[in-house]
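Listed here are the chains, written in short residue letters.
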Amino acid sequence: MDLVASMGYIFHPEDLQAVARRWIGAPHRQMVAHIIDDLARACPGHVNTKQDWLFNIAGGATGIMTILHGSLSEYVIVFGTPVGTEGFSGRYWVEIYDIVLAGEMWTYTEERFHERTVHQPGELALLKKRQVKGFRLSADCWLLEYGRGPTPTALPMAVSGALMSLDAKTTWKTLRIYGKLAAKELLHGKI
């Protein structure tokens, strides 16, 4: 993963998938720690190594996440749930890649509403720009998620559930962590 010009991307889905696959099957805490360490070595100064877990309530689904990278053009998170959840993906101006670390993710689309796609550990799923999916995460399903594009446009959906449930703490924590990481990247010249 090479750092490219400020308008370019630091992360690439295939590289993230390769890192994730190395640690699939490890106990959750070790798996996440090793993934973070590998990404921090590959992209020095661009990966938040502090695990600061926060709830994410969006599209009817509830999970928990830690933000590893946040900039105006990319984000990387670990997202999942120990109990399972399902909901609506949202429609974004960014491409979203999900690498399944544990459990199963089931999806369906408007175009293929009559069939589900099942993603197993190590597999990569793509939510294309302006596409929507229904999804279900099994119990103990964890994802390494990568968003590429104008990431601030995804924030309304990312905090929608917390706002609707009047959870100011989760909303503030999400915006504070992402904002701090994005500002740090801007200081490095990365959009």
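Everything below is about the structure printed above this text.
What comes next concerns the included structure. (Residues numbered from 1 in each chain as written. Predicted model: local features only at pLDDT ≥ 70, side-chain atom pairs only at ≥ 80, totals over all residues. Heavy atoms only, no water.)

## Some thoughts on the overall build of the chain
Link 1 in the chain: Helices and strands together make up the secondary structure of the chain, namely four helices and 10 strands.
Link 2 in the chain: Listed by position from the N terminus, the elements making up the chain come as α-α-β-β-β-β-β-β-β-β-β-β-α-α.
Link 3 in the chain: Relative to its length of 191 residues, the chain is compact, with a C-alpha radius of gyration of 16 Å against a globular reference of 16 Å.
Link 4 in the chain: By its C-alpha atoms, the chain is 45 × 35 × 30 Å across when sized along the principal axes.
Link 5 in the chain: For the chain, the residues scored as buried account for 47% of the 191 residues in total.
Link 6 in the chain: In the chain, of all internal contacts separated by at least 6 residues, the share reaching a separation of at least 24 is 70%.
Link 7 in the chain: Accessible surface, the chain as shown: approximately 9500 Å² in total, 59% of it carbon and sulfur.
Link 8 in the chain: Separation between the mean location of the 20 positive side-chain charges and that of the 19 negative ones in the chain comes to 4 Å. (Helix = DSSP H or I, 4+ residues; strand = E, 2+ residues; numbered from the N terminus. Rg over C-alpha atoms; globule rule 2.2 N^0.38 Å. Buried < 20%, exposed > 50% of the residue type's maximum accessible area, 1.4 Å probe, protein only. Contact = heavy atoms within 4.5 Å. Areas by Shrake-Rupley, 256 points an atom, 1.4 Å probe, with all protein chains shown as cover. Lys, Arg positive; Asp, Glu negative; His and termini not counted. Charge placed at Lys NZ, Arg CZ, Asp CG, Glu CD.)

## Observations concerning the environment of Thr151
Link 1 in the chain: Note that Thr151 resides in the loop between strand E10 (141-148) and helix H3 (155-164).
Link 2 in the chain: When its relative accessible area of 3% is taken as the criterion, Thr151 is described as buried.
Link 3 in the chain: Note: C-alpha distance between Thr151 and Val83 (68 residues apart in sequence) is 28 Å.
Link 4 in the chain: Discounting residues that sit within four places of it in the chain, Thr151 has contacts with Ser71, Leu72, Ser73, Glu74, Tyr75, Val94 and Tyr178.

## A few points about unusual backbone geometry
Link 1 in the chain: One non-glycine residue, Arg130, lies in the positive phi region at around 70 degrees.
Link 2 in the chain: Secondary-structure assignment places Arg130 in the loop between strand E8 (124-127) and strand E9 (133-137).
Link 3 in the chain: What makes Arg130 partly exposed here is its relative accessible area of 37%.
Link 4 in the chain: Notably, Leu166 is not glycine yet its phi reads approximately 60 degrees, a positive angle.
Link 5 in the chain: Among the structural elements, Leu166 can be located in the loop between H3 and helix H4 (168-187).
Link 6 in the chain: The class for Leu166 is exposed, based on a relative accessible area of 75%.

## A look at the pattern of salt bridges
Where charged atoms from two side chains of opposite charge come close, those side chains can pair.
Link 1 in the chain: If you walk through the whole model with that rule in mind, you get six salt bridges.
Link 2 in the chain: The partner of Glu74 in a salt bridge is Lys190, with the nearest N and O atoms 3.0 Å apart. One end of the pair, Glu74, is in strand E3 (residues 74-81); the other, Lys190, is in the segment after H4, and 116 residues separate them in sequence. An identical accessibility class is assigned to Glu74 and Lys190; each is buried.
Link 3 in the chain: Between Arg91 and Glu110 there is a salt bridge, with its nearest N and O atoms 3.5 Å apart. One end of the pair, Arg91, is in the loop between strand E4 (85-88) and strand E5 (95-102); the other, Glu110, is in the loop between strand E6 (105-109) and strand E7 (117-119), with 19 residues separating them in the sequence.
Link 4 in the chain: Taken together, the shared-partner salt bridges in this structure form one network comprising Arg22, Asp38 and Arg41. (Salt bridge = Lys/Arg side-chain N within 4 Å of Asp/Glu carboxyl O.)

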